[in-house]
Amino acid sequence: MNDPARVAVTAAGVVSPLGFGLAETLESLQSARDCVSPVMRFSVTQCRCKTAGQVSDSRLLSSPAQVERSGRLHRASHMMIEALQELLTQQPEFEPELTVVGTTSGGMSYGERYYRSLQRAGDLRHAATWIANYPAQKPVIDAQAAFGISAPCEVIANACASGTNAVGHAFECVRSGRYQRVLAGGYDALAEMVFVGFDSLQASTPEKCRPFDQHRSGMVLGEGAAVLAMENLELARRRDAPVLAEIIGYGISTDNFHITQPEPSGSGPRQAMQRALENAHISAADVDYINAHGTATLFNDAAEGRAISALFNGVPVSSTKSMMGHSLGAAGAIEAIVCLLALEHQFLPANINFSRLDDDLDLNIVANEARPAAVRTALSNSFGFGGTNASVVMRKFPPSSGLRGTGDA
Amino acid sequence: MSLAIAGMGWVTPLGTAIDLVWERLIAGEEASATTISEEFACRSYAVFRVPESVLKHVAHARLRRASAISRFAAAAGLSALESGGLKIDATNAERVALIFAISNGGVIYTKRFYRDIVNTGAESASPLLFPETVFNAPASHLAAILGITGVTYTLVGDGAVGLTAVKMARELMENEPLDYCLVVGTEEIDWLLCDAYRRWRLLRVAPPIEPYGKQNGGMILSEGAGAILLARDGRILIECAHPGGYFSRRAEAEELLKHILCDLGQTEIDFVISSANGTFVDLAESHALQRLLPNALVYTVKPALGESVGAAGLWQVILAAEALRTRELPPVLHADPKVPMRLSRSRTVIPYARHAIVLGCGLNQQAAGLRLACD
């Protein structure tokens, strides 16, 4: 059996509440910006939580990437097109053989519109369009079609772990040698049903999102899309492609404790992280930064915090969801890009709104401000409903290569 | 790498035992249609439903509040494990992966959850229903019932998603230290789905589904689940899993299917389990098959069992495996005698059958294919 191939990230694209593109995302991360705002898209008067991380529609629809796109497409499609456009600007010749993306709800808000119109005997003239653009896989197909990419798509819906699962499975596909180039990513757009769902579980907060804080009171939702071009490292170097980072490990686990709650000791997250480290052939001491799942719910943070402190000794940890909210199926892919930027620009992204660590946790939180640091290896966590847990490990690739469009930090 | 089917299970409108449903299909039987009524309009739809009675034996604490889609999946998955003789315990739980193929998902609870929000506002939203609306709820229930602690994935897509899930299983078995992979596809019916497909002009008012007809008369929806247990060894092999792709317009489906058939048809193919369902899919498949595999026998089960979308691909794989094992094909029901294809028009013995293609063309732009072989 051949040695496993090394896997490079050679381009990336992102749109999230932190900004459009890598440069804006980097700027928001480095200035520890709070990008959560009041929800205006639908009524939240009866919800505890009234805020979310949101992508500006006016900006999304007026961007050059969207000019010739159909106004019928769902926002999630537009976000994917935006992210893919950025990636292809960096690597115009990137032609994936396979695409693996994560999502939880695709074009859900079109489904809502359709149902609402049915129930209230409203205007259904556009129903066929809503139905056509509702399926979860549609945004990735739209994005690929927009740029003439014909790769088959695997769309993973492992709840909030989906994005990291997509990056991880894409990594495995390249590492096995079966594929040379895989497009990985994730997307989700804010939808009323999902927003109200988390509110009904009392998982979302009327206050600020404060991951790992003693006074944390829940999550805020977010939205966005992110894509990564993943390639066989050797082949990428042979054609002088810039290597933004290397993905070196992936771990997945399933804990069967409860459909919405993690096993309290954090055994599931611990297993996922442990497997990712083993898969990467590194020890916990080699990790310089953890981008935590960190939703700021009482149970999730407790379980993840215990898992991290059981495996690691004082590694800097932050949850960037504190800045942009939890974008569900997109989160893992966006946070992989956060790690990529941290590796490239040698800084630790902040965990904002933080005042005091949970008394029961022993973590080294990057509190409130980003700070410069030597970051060679980063681990990113995502955990979801149904007890799905996923972790990926990324490594700075020498020699240091500037991210196109981001400038130097 | 060798990948084989070690066990199979399904829940269909014609029953749940593999052998019995197969015999009924071989005898030319079809499911009986019932009607389902819209909530907000005086419209009803013919559908093929799974009788509630067949799920009585599927009892587990995790399924108490679960929707039909999860119970179908659990029944099929447990049946596949039983037929494969696999017991999952602490010693092997990490070496068994679970992959789900989902299309419309838990539409019944999703609709109910959202209906409450529309009717009376967010305050009435049920925290018990919400988790069941998530695409991976059925997978998480089955993983909990089986005690699987390692790899669990839910894939979403259209009618081709079941075949994509088998392809993913193949990728996992190559990479991971796995002994088995259980692949499950599942679907439940609700009037809301019927209305949506009707608005897309894909549904017909009443049976029968007339496959490969010129009129594209439409399909009848059905529900249920299919599951296959994949292992390293066995008599029926998944010889090749084609990644397929997507088509931007329906007219492009034929070219994509030709591409899939061209790759999978490198070996002599004895028969094809097609996904023809009375819609535009039929014309695309028949043109592609006539062009590339004019001598292969073709069978579609959808006139007999309906279009089960998320479950359909797994049903097709099970049918291909049964046909290779028993070396015969059931009759294609309700096909016009003038259809210029080599259809299995009656119970057809295929004494030396060794290779089969399972072709999946979905209604939402995706297509994929598998080649199975009998050792």
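Only a predicted model underlies this, so the values are computations on that prediction, with no experimental measurement involved.

Participant: Would you mind going over the sheet that holds strand β2 (residues 34-37) of chain B in detail, with residue names and values included?
Facilitator: Spatial ordering of the open sheet is given by β2-β3-β7 (chain B), a layout of three strands whose pairing is mixed. The sheet is open, and its two edges are formed by β2 and β7 (221-222) of chain B, each paired on a single side.

Participant: I'd like to hear about the interface of chain A and chain B, residue by residue, with values.
Facilitator: Counting from both sides, the interface comprises 48 residues of chain A and, opposite them, 53 residues of chain B. Here the residues of the side of chain A that touches chain B sort into 25 nonpolar, 17 polar and six charged. The pairing of strand β6 (residues 153-156) of chain A with strand β5 (residues 152-156) of chain B spans two bridges and is classified as antiparallel. Each bridged residue has a counterpart across the sheet, and for Val 155 of chain A the counterpart in β5 of chain B is Val 156 of chain B.

Participant: Account for the packing of helix α1 (residues 21-30) of chain A against helix α13 (residues 331-345) of chain A, with residues named and values stated.
Facilitator: Residues and elements named next belong to chain A. At a minimum axis separation of 11 Å, α1 and α13 run at an interaxial angle of 75°. If you check the angle between α1 and α13, you find them roughly perpendicular. Within the contact between the two elements, α1 uses Leu 22, Thr 25, Leu 26 and Leu 29 and α13 uses Ile 337, Val 338, Leu 341 and His 345. The class makeup of the residues in the contact of α1 with α13 is six nonpolar, two polar and no charged.

Participant: Describe the nonpolar core, naming the residues involved and giving the relevant values.
Facilitator: Across soluble globular proteins, nonpolar side chains show a tendency to be buried alongside one another. Among the nonpolar cores identified, the biggest contains 295 residues, and Ala 12 and Ala 184 of chain A together with Leu 155, Val 183, Leu 230 and Ala 356 of chain B are the most heavily contacted of them. With sequence-adjacent residues up to four places away left out, Ala 356 of chain B is seen in contact with Ile 269, Asp 270, Phe 271, Val 272, Ile 273, Ala 320, Ala 323, Leu 324 and Leu 372 of chain B.

Participant: Kindly report on unusual backbone geometry, identifying the contributing residues and their values.
Facilitator: All names here are of chain B. The amide bond that connects Pro 207 to the next residue, Pro 208, takes the cis arrangement and shows omega of 5°. Take Pro 208: it is sitting in the loop between α6 (191-199) and β7. One non-glycine residue, His 334, lies in positive phi territory at about 65°. Looking at the secondary structure, you find His 334 in the loop between β12 (328-329) and β13 (348-349).

Participant: Explain the domain arrangement of chain B to me, and be specific about the residues and the numbers.
Facilitator: All names here are of chain B. Here chain B is partitioned into domain 1 (4-231) and domain 2 (236-374). Of note, the centres of domain 1 and domain 2, computed from C-alpha atoms alone, are 21 Å apart. Counting from both sides, the interface comprises 57 residues of domain 1 and, opposite them, 57 residues of domain 2. Where the side of domain 1 that touches domain 2 is concerned, the elements lending two or more residues are β1 (4-11), α1 (18-26), β4 (96-102), α5 (161-175), β6 (180-187), β7 and β8 (224-231). At seven residues, the largest contribution of residues to the side of domain 1 that touches domain 2 is made by α5. The residue makeup of the side of domain 1 that touches domain 2, split by class, is 32 nonpolar, 17 polar and eight charged.

Participant: Give a description of α1 of chain A that names residues and reports values.
Facilitator: Residue and element names in this part refer to chain A. The set of residues buried in α1 consists of Gly 21, Leu 22, Thr 25, Leu 26, Ser 28 and Leu 29. Looking straight down α1, one finds its buried side chains confined to an arc of 165°; they lie on one side. Among the residues trailing α1, Ala 32 stands out with phi positive, at a value near 50°.

What counts as what
Residues numbered from 1 in each chain as written. Chains lettered and ligands numbered in written order. Predicted model: local features only at pLDDT ≥ 70, side-chain atom pairs only at ≥ 80, totals over all residues. Pairing = 2+ DSSP bridges. Helix = DSSP H or I, 4+ residues; strand = E, 2+ residues; numbered from the N terminus. Contact = placed C-beta atoms within 7 Å. Nonpolar A, V, L, I, M, F, W, Y, C, P; charged D, E, K, R; others polar. Axes fitted to C-alpha atoms, helices over the stretch in contact; angles between N-to-C directions. Parallel < 35°, antiparallel > 145°, perpendicular 65-115°, else oblique. Core = buried A, V, L, I, M, F, W, Y, C linked by C-beta atoms within 7 Å. Buried ≥ 20, exposed ≤ 12 C-beta atoms within 10 Å, placed from the backbone. Domains from an automatic or database assignment. Arc of directions from axis to C-beta.

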